[in-house]
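# Architecture at a glance
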Amino acid sequence: MADQPTRATYDIGQHPDIAALRARYDMAAQQPTGQSVSGVAFLSGLYLAISPWVVGIFGHTTLAVNNLITGIAVVLLAAGIASANGRFHSLAWTLPIIGVWTIITPWVLPPHGAGASTIINQIITGAVILLAGLACASLGMMAKRRGGRPR
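Attention shifts here to the overall build of the protein. Per the secondary structure count, the protein includes seven helices and zero strands. Reading the protein from its N terminus to its C terminus gives the helix and strand order α-α-α-α-α-α-α. Put simply, of all contacts in the protein between residues at least 6 apart along the chain, 69% involve residues at least 24 apart. Taken as a whole, the protein presents about 8,700 Å² of accessible surface, with 68% of it coming from carbon and sulfur.

Looking now at helix α6 (residues 116–137). Helix length check: α6 (22 residues) gives 31 Å between terminal C-alpha atoms against 32 Å at 1.5 Å per residue, within 8%. Looking only at α6, the buried set comprises Thr118, Ile119, Asn121, Gln122, Thr125, Gly126, Ile129, Ala132, Gly133, Cys136 and Ala137.

With that settled, the discussion passes to empty space enclosed by the protein. One pass over the full model with this rule turns up two cavities of 30 Å³ or more. Of the volumes computed, that of the second largest cavity is approximately 30 Å³. The residue makeup of the lining of the second largest cavity, split by class, is six nonpolar, three polar and no charged.

Okay, the side chain of threonine 118 next. Locating threonine 118 in the fold gives a position in helix α6. With residues near it in sequence (within four places) discarded, threonine 118 still touches Val55, Ile57 and Leu63.

Quick look at the nonpolar core now. Most often, soluble globular proteins keep nonpolar side chains buried together rather than apart. Core analysis: the largest hydrophobic core is formed by 14 residues, its most contacted members being Leu95 and Cys136. Of all elements in the fold, only α2 (32–56), α3 (61–83), α5 (94–108) and α6 reach the threshold of two or more residues within this core. If we ignore the near neighbours within four places in the chain, the residues touching cysteine 136 are Val37, Ser38, Ile81, His89, Ala92 and Leu95.

Between two packed helices, the angle of one axis relative to the other and the distance separating the axes together describe the packing. Across the interface, α3 lies against α6 with an axial gap of 12 Å and an inter-helix angle of 20°. It follows that α3 is roughly parallel to α6 by the angle criterion. The chirality of how α3 crosses α6 is left-handed. Within the contact between the two elements, α3 uses Leu63, Asn67, Val74 and Ile81 and α6 uses Thr118, Gln122, Ile129 and Cys136.

If you trace the backbone, alanine 49 turns up in helix α2. Between the C-alpha atoms of alanine 49 and alanine 73, which are 24 residues apart in sequence, the distance is 9.1 Å. Excluding residues that lie within four positions of it along the chain, alanine 49 makes contacts with Asn67, Leu68, Gly71 and Ile72.

So, on to the confidence of the model for the protein. Confidence in the prediction for the protein averages 79 pLDDT; 67% of positions are at 70 or higher. Summarising per-element confidence for the protein, the mean pLDDT is lowest in helix α7 (residues 139–145) (59) and highest in α5 (95).

Quick look at α5 now. At threonine 102, α5 shows its largest kink, close to 35°, and the proline proline 106 lies no more than four residues downstream. Along α5, the positions that sit buried rather than exposed are Thr94, Leu95, Pro96, Ile98, Gly99, Thr102, Thr105 and Pro106.

Right, let's get into the environment of leucine 46. Position of leucine 46 among the secondary structure elements: in helix α2. Sequence-distant contacts of leucine 46, defined by excluding residues within four places in its chain, comprise Gly71 and Val75.

Rules used throughout
Chains are numbered independently. Their residues run from 1 in the order of the written sequence. At least 70 in pLDDT is required for a residue's local features to be given in this predicted model, at least 80 for side-chain atom pairs to be given and counted, and no such filter applies to totals for whole chains, interfaces and linings, which use all residues. Side-chain metrics in this entry use all non-hydrogen atoms of the structure; hydrogen atoms and water are not considered. A run of H or I in DSSP becomes a helix once it reaches four residues, and a run of E becomes a strand once it reaches two; helices and strands are each numbered from the N terminus. Residue contacts are counted whenever heavy atoms from the two residues lie within 4.5 Å of one another. To be clear on the numbers: accessible area is Shrake-Rupley with a 1.4 Å probe, and residue cover counts the displayed protein chains and nothing else. The span expected for a helix works out to 1.5 Å for each residue beyond the first. In this scheme, a residue with accessible area under 20% of its type's maximum is buried, one over 50% is exposed, and one in between is partly exposed, where area comes from a 1.4 Å probe on protein chains only. A pocket here means an open set of points on a 1 Å grid, computed over the protein atoms alone, that has protein on both sides within 12 Å along at least five of seven lines. A cavity is instead a set of points where a 1.4 Å probe fits but cannot get out; residues with an atom within 4 Å of a point line either one. Grid points are joined across faces, edges and corners, and a volume is the space filled by probe spheres set on the points. Side-chain classes are defined by residue name, with Ala, Val, Leu, Ile, Met, Phe, Trp, Tyr, Cys and Pro counting as nonpolar, Asp, Glu, Lys and Arg as charged, and the others, Gly among them, as polar. Residues belong to one nonpolar core when they are buried, are Ala, Val, Leu, Ile, Met, Phe, Trp, Tyr or Cys, and are joined through side-chain atoms within 4.5 Å. With axes taken as lines fitted to C-alpha atoms, and helix axes fitted only over the stretch in contact, angles between N-to-C directions fall between 0 and 180 degrees. Every angle not falling under 35 degrees, over 145, or within 65 to 115 is termed oblique; those three ranges are roughly parallel, roughly antiparallel and roughly perpendicular. Two helices that cross are described as forming a left-handed crossing if the nearer one is turned anticlockwise from the farther one by less than a right angle, and a right-handed crossing if clockwise. The predictor rates its confidence in each residue with pLDDT, a number between 0 and 100. Bend at a residue means the angle formed by two fitted axes: the first through the 7 residues ending at that position, the second through the 7 residues beginning there.

Okay, here's the thing in structure tokens:
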């Protein structure tokens, strides 16, 4: 048994294809388009977190707490995508899901019967997060289609 060769451990993160993919995503995130999209996602998450105080939805405590938590999550994801897109790209798909969740929360979370200003706030903020999330998720794919040269 002592004569059997031991297997060397191999870190998949050091694979040349993985390193090239991360470099392409990081390069795309550093371009003005990537920074703008990450900035919009960051600001929309920040607004979502403070929206209970801006719109005045204190009567809907579950919606206010939901907006605070999901807004902080969007801020953290956008900051991660802006700083290390190659490592956070696999999490970028969660932003569009949070956007859709933000849109439907006035009808899903109790108590139902949110006012018009609350519903409009949720729809607009959710749509911005949805679109910014789709753009963040597509940053690396745009670089691939353009032959590795993101704009």
